[in-house]
Amino acid sequence: MLSLLKDLGKFDIILASESPRRFELLQMIGLNFTVRPSHIEETYRDHLTPLEYALDNAKRKSGKVAEKYPASLIIAADTIVIFENEVLEKPMDEQHAFDILNKLSGRTHEVITAFGLCRKDSGFTLFDHEITRVRFRSLTGDEIHAYIKTGEPFDKAGGYGAQGYGSLLIERVEGCFFNVVGLPLAKFYTMLNTFCTRN
């Protein structure tokens with residue numbers, strides 16, 4: 001692992017996201033990088049499956065930043081929450097947040113993260129995805145309102161964060177926990193290995 005980080009040290013690495021959760025995850029594994037958000041518009045299009053939508057967002061994020069920094073290694077990702085084939089976006093207001101969380105109460109949903117690496121000048125592009133199933137415990141209306149008052153739901157797909165107060169909503173996780181936070185670290189590490197062997 002340390003040898004991989006040493007190999008990556010010769011590259012300029014950019015995270016094409018302003019997500020504080022992904023920032024913290026990459027810092028946690030010792031990666032040196034800068035943040036250059038893509039600021040793309042994320043609007044769900046009905047002709048795409050949820051997975052296609054997440055992959056499209058991640059690829060557009062990397063592509064936009066790579067245009068400005070073609071010699072850099074761009075990391076891009078997009079996390080979405082799916083419940084009964086419906087994409088649950090970030091809540092627009094408190095009522096929307098309540099409706100989302102009430103819908104997830106006592107039920108199981110899926111979290112999909114599409115992620116990838118791109119280095120434009122060498123033509124390297126690699127994308128993958130991870131799916132994790134998350135079950136919420138049954139929540140009371142008062143619990144949902146109290147959680148909304150923390151302010152956590154409003155910048156997160158599905159209206160919750162698994163690493164904060166939102167951890168108290170979760171009964172069970174099937175699959176990669178870090179995927180729910182924003183980046184499946186084991187698969188991401190494998191992807192970094194692939195990049196290093198080809199560059």
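Numbers given for residues are sequential positions, taken from 1 along each chain in its written order. Whole-chain, interface and lining totals are the exception, using all residues; otherwise, since this is a predicted model, local features are given only for residues with pLDDT of at least 70 and side-chain atom pairs are given and counted only at 80 or more. As a rule here, side-chain values cover all heavy atoms of the structure and leave hydrogens and water aside.

Student: Run through the packing of helix α4 (residues 94–104) against helix α5 (residues 141–149), naming residues and quoting values.
Tutor: Direction vectors running N to C along α4 and α5 enclose 130°, while the axes themselves pass 10 Å from each other. As far as their axial angle goes, α5 and α4 are oblique. α4 and α5 meet at a crossing whose hand is right-handed. Contacts between α4 and α5 involve Glu-94, Ala-97, Phe-98, Leu-101 and Asn-102 on the former and, on the latter, Gly-141, Ile-144, His-145, Tyr-147, Ile-148 and Lys-149. When residues are grouped by polarity, Ala, Val, Leu, Ile, Met, Phe, Trp, Tyr, Cys and Pro land in nonpolar, Asp, Glu, Lys and Arg in charged, and all others, Gly among them, in polar. Grouping the constituent residues of the contact of α4 with α5 by class yields six nonpolar, three polar and two charged. The axes used here are C-alpha line fits, helices contributing only the stretch in contact, and every angle between their N-to-C directions lies in the interval 0 to 180 degrees. Going along the chain from the N terminus, every DSSP run of H or I of four or more residues is numbered as a helix, and every run of E of two or more is numbered as a strand. In this scheme, roughly parallel covers angles under 35 degrees and roughly antiparallel covers those over 145, while 65 to 115 is roughly perpendicular and the rest are oblique. Rotating anticlockwise by less than a right angle from the far helix to the near helix defines a left-handed crossing, while the corresponding clockwise rotation defines a right-handed one. Any two residues having at least one pair of non-hydrogen atoms within 4.5 Å are treated as being in contact.

Student: Tell me about the nonpolar core, residues and numbers included.
Tutor: In terms of nonpolar packing, the biggest core is built from 23 residues, with Leu-8, Leu-117 and Phe-188 touching the most fellow members. Contributions of two or more residues to this core are made by α1 (2–8), β1 (13–15), α2 (20–28), β3 (73–83), β5 (108–119) and α7 (185–198). The greatest single-element share of this core, amounting to six residues, is contributed by α7. Those residues within four positions of Leu-8 in sequence are excluded, and the remaining contacts are Ile-13, Leu-31, Leu-73, Leu-192, Phe-195 and Cys-196. In this text, buried Ala, Val, Leu, Ile, Met, Phe, Trp, Tyr and Cys residues form a nonpolar core when linked through side-chain atoms within 4.5 Å. Residue burial is assigned from relative accessible area. The probe radius is 1.4 Å, only protein chains are included, and a residue is buried under 20% of its type maximum, exposed over 50%, and partly exposed in between. Val-81, Phe-98, Ile-144 and Leu-169 belong to the second largest nonpolar core, which has 21 residues in total.

Student: Explain α4 to me, using residue names and the numbers behind them.
Tutor: Along α4, the residues classified as buried are Ala-97, Phe-98, Ile-100, Leu-101 and Leu-104. Projected down its long axis, α4 shows its buried positions confined to an angular sector of 165°, all on one face. Looking at the buried side of α4, the elements it contacts are β3, β4 (86–88), β5, β6 (124–136) and α5. Along the arc lie the directions from the helix axis toward the C-beta atoms.

Student: Can you explain a nonpolar patch on the surface? Please cite residues and give values.
Tutor: On the surface, a nonpolar cluster with roughly 340 Å² of combined accessible area is contributed by Met-28, Ile-29, Phe-177 and Phe-178. Position of Phe-178 relative to the elements: it lies in helix α6 (residues 177–181). For Phe-178, a relative accessible area of 32% puts it in the partly exposed group. Patch membership is restricted to residues that have no salt bridge and whose relative accessible area is over 30%. Joining uses 9 Å for like charges and 5 Å for the nonpolar side chains Val, Leu, Ile, Met, Phe, Trp and Tyr. Residue burial considers only the protein chains on display, and all accessible areas are found by Shrake-Rupley using a 1.4 Å probe. Any carboxyl oxygen of Asp or Glu that lies within 4 Å of a side-chain nitrogen of Lys or Arg is treated as forming a salt bridge with it.

Student: So what's going on with unusual backbone geometry? Residues and values would help.
Tutor: Of all residues except glycine, most have a negative phi; of all peptide bonds, most are trans. The backbone of His-39 sits at a positive phi, close to 60°, despite the residue not being glycine. Along the polypeptide, His-39 turns up in the loop between β2 (34–35) and α3 (50–68). Although it is not a glycine, Asn-85 adopts a positive phi angle of roughly 65°. Classification of Asn-85 as exposed rests on a relative accessible area of 72%.

Student: If you had to explain the state of the cysteines to someone new, which residues and values would you point to?
Tutor: Cysteine sulfur pairs qualify as disulfides if the two atoms are within 2.5 Å. A full pass over the atoms with the stated rule returns zero disulfides. Not part of a disulfide, Cys-118 finds its nearest cysteine sulfur in Cys-196, a span of 15 Å. With relative accessibility at 8%, the residue Cys-118 sits in the buried group.

Student: Hey, could you go over the environment of Phe-178 for me, with residue numbers and the actual values?
Tutor: Separated by 17 residues in the primary sequence, Phe-178 and Phe-195 place their C-alpha atoms 21 Å from one another. Not counting chain neighbours up to four residues away, the residues in contact with Phe-178 comprise Leu-25, Met-28, Leu-183, Pro-184 and Leu-185.

Student: Run through α5, naming residues and quoting values.
Tutor: Along α5, the residues that are buried comprise Ile-144, Tyr-147 and Ile-148. Taken around the axis of α5, the buried residues stretch over an arc of 100°, which confines them to a single face. In α5, the exposed residues that point more than 90 degrees away from the buried face are Asp-142 and Lys-149. Contacts made by the buried residues of α5 are with α4. Count one or two residues on from α5 and you reach Gly-151, which has phi positive near 85°.

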